[in-house]
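Single-letter residue listing:
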Amino acid sequence: DEPTNHLDIESVDALVDGINGFEGGVVVISHDRRLLQTTNCALWYCDRAKQSIYPLGCEFDAYEARVLKEIAARHAADEERAQARAMLRKKRRDEARRRADAAAKKKAARAT
């Protein structure tokens, strides 16, 4: 789990060489782009929502581009929802202000 967190570049290089030269199976959990790109490994994805694990089916760069696109889409949707909420709040404030003004005018008209 995150084997490169406390390693210098030379140690990461040695780890990559060790993984690439190993004949057996290795499970590496890492967010280290360099490690993931330089090892001769099949990438697998752990999907927490679906509670499943499956082969990524693409290179790391393609996966990264897809994830960044998904994040940008979620961000844009969040921003759109925030703007819609702000417009609704403004509309409600404006309506409350109009009702208050109308009530004040009505009260002033009765007083005269």
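Residues numbered from 1 in each chain as written. Predicted model: local features only at pLDDT ≥ 70, side-chain atom pairs only at ≥ 80, totals over all residues. Heavy atoms only, no water.

> Which parts of the structure should I look at to understand the overall build of the chain?
The secondary structure content of the chain amounts to three helices and two strands. What you see in the chain, going N to C, is helices and strands ordered as α-α-β-β-α. The globule rule puts the C-alpha radius of gyration for 112 residues at 13 Å, and the 28 Å found for the chain is more than 25% above it. By principal-axis analysis of the C-alpha atoms, the chain measures approximately 95 × 30 × 20 Å. Put simply, the chain has 112 residues, and 12% of those count as buried. Across the chain, the centroid of the 21 positively charged side chains sits 26 Å from that of the 19 negatively charged ones. (Helix = DSSP H or I, 4+ residues; strand = E, 2+ residues; numbered from the N terminus. Rg over C-alpha atoms; globule rule 2.2 N^0.38 Å. Buried < 20%, exposed > 50% of the residue type's maximum accessible area, 1.4 Å probe, protein only. Lys, Arg positive; Asp, Glu negative; His and termini not counted. Charge placed at Lys NZ, Arg CZ, Asp CG, Glu CD.)

> Would you mind going over the pattern of salt bridges with me for this structure?
Where charged atoms of side chains with opposite charge meet at close range, the side chains can pair. Tallied over the full model, the rule gives eight salt bridges. In this structure, the salt-bridge partner of Asp-13 is Arg-34, at a minimum N-O distance of 2.1 Å. Placement of Asp-13 in helix α1 (residues 9–21) and of Arg-34 in helix α2 (residues 33–38) is noted, with a sequence separation of 21 residues between them. Residue Asp-13 is classed as partly exposed on the basis of its relative accessible area, which comes to 31%. Arg-97 is the partner of Asp-94 in a salt bridge, and the nearest nitrogen-oxygen pair spans 3.2 Å. Taken together, the residues Asp-94 and Arg-97, both in helix α3 (residues 60–111) and three residues apart, mark about one turn of the helix. (Salt bridge = Lys/Arg side-chain N within 4 Å of Asp/Glu carboxyl O.)

> Is there a simple way to think about the pairing of strand β1 (residues 44–47) in this case?
Regular strands place their side chains on alternate faces of the sheet. For β1 and strand β2 (residues 52–55), the ladder comprises four bridges, and the chain directions are antiparallel. Bridge pairing in β2 links Cys-46 to Ile-53. A loop of four residues connects β1 with β2, the two strands running antiparallel in sequence, and Gln-51 in this loop sits at a positive phi of about 50 degrees. (Pairing = 2+ DSSP bridges.)

> Would you take a moment to explain the layout of surface pockets for this structure?
Of the pockets and cavities examined, the largest pocket occupies roughly 810 Å³. What lines the largest pocket is a set of 25 residues, among which Ser-30, Leu-36, Trp-44, Tyr-45 and Cys-46 lie closest to the centre. Taken together, the elements giving at least two residues each to the lining of the largest pocket come down to α2, β1, β2 and α3. For the lining of the largest pocket, the leading source of residues is α3, giving six residues. (1 Å grid on protein atoms, 1.4 Å probe; cavity = no way out; pocket = protein on both sides within 12 Å on 5 of 7 lines; lining within 4 Å. Points joined across faces, edges and corners; volume = space filled by probe spheres on them.)

> What exactly am I supposed to notice about the nonpolar core here?
Membership of the largest hydrophobic core is limited to five residues, which are Leu-36, Leu-43, Leu-56, Phe-60 and Tyr-63. Setting aside anything within four residues of it in sequence, one finds Leu-56 in contact with Leu-43, Trp-44, Tyr-45, Tyr-63 and Arg-66. (Core = buried A, V, L, I, M, F, W, Y, C linked by side-chain atoms within 4.5 Å. Contact = heavy atoms within 4.5 Å.)

> Would you mind going over the side chain of Thr-39 with me for this structure?
By the element assignment, Thr-39 lies in the loop between α2 and β1. For Thr-39, the side chain forms a polar contact with the main-chain oxygen of Leu-35, separated by 3.0 Å. Apart from the residues within four sequence positions on either side, Thr-39 is in contact with Val-16, Ile-19 and Asn-20. (Polar contact = N/O pair within 3.5 Å; in protein donor to acceptor, adjacent residues only side chain to side chain.)

Read these as layout, nothing more, since geometry by itself doesn't imply function.
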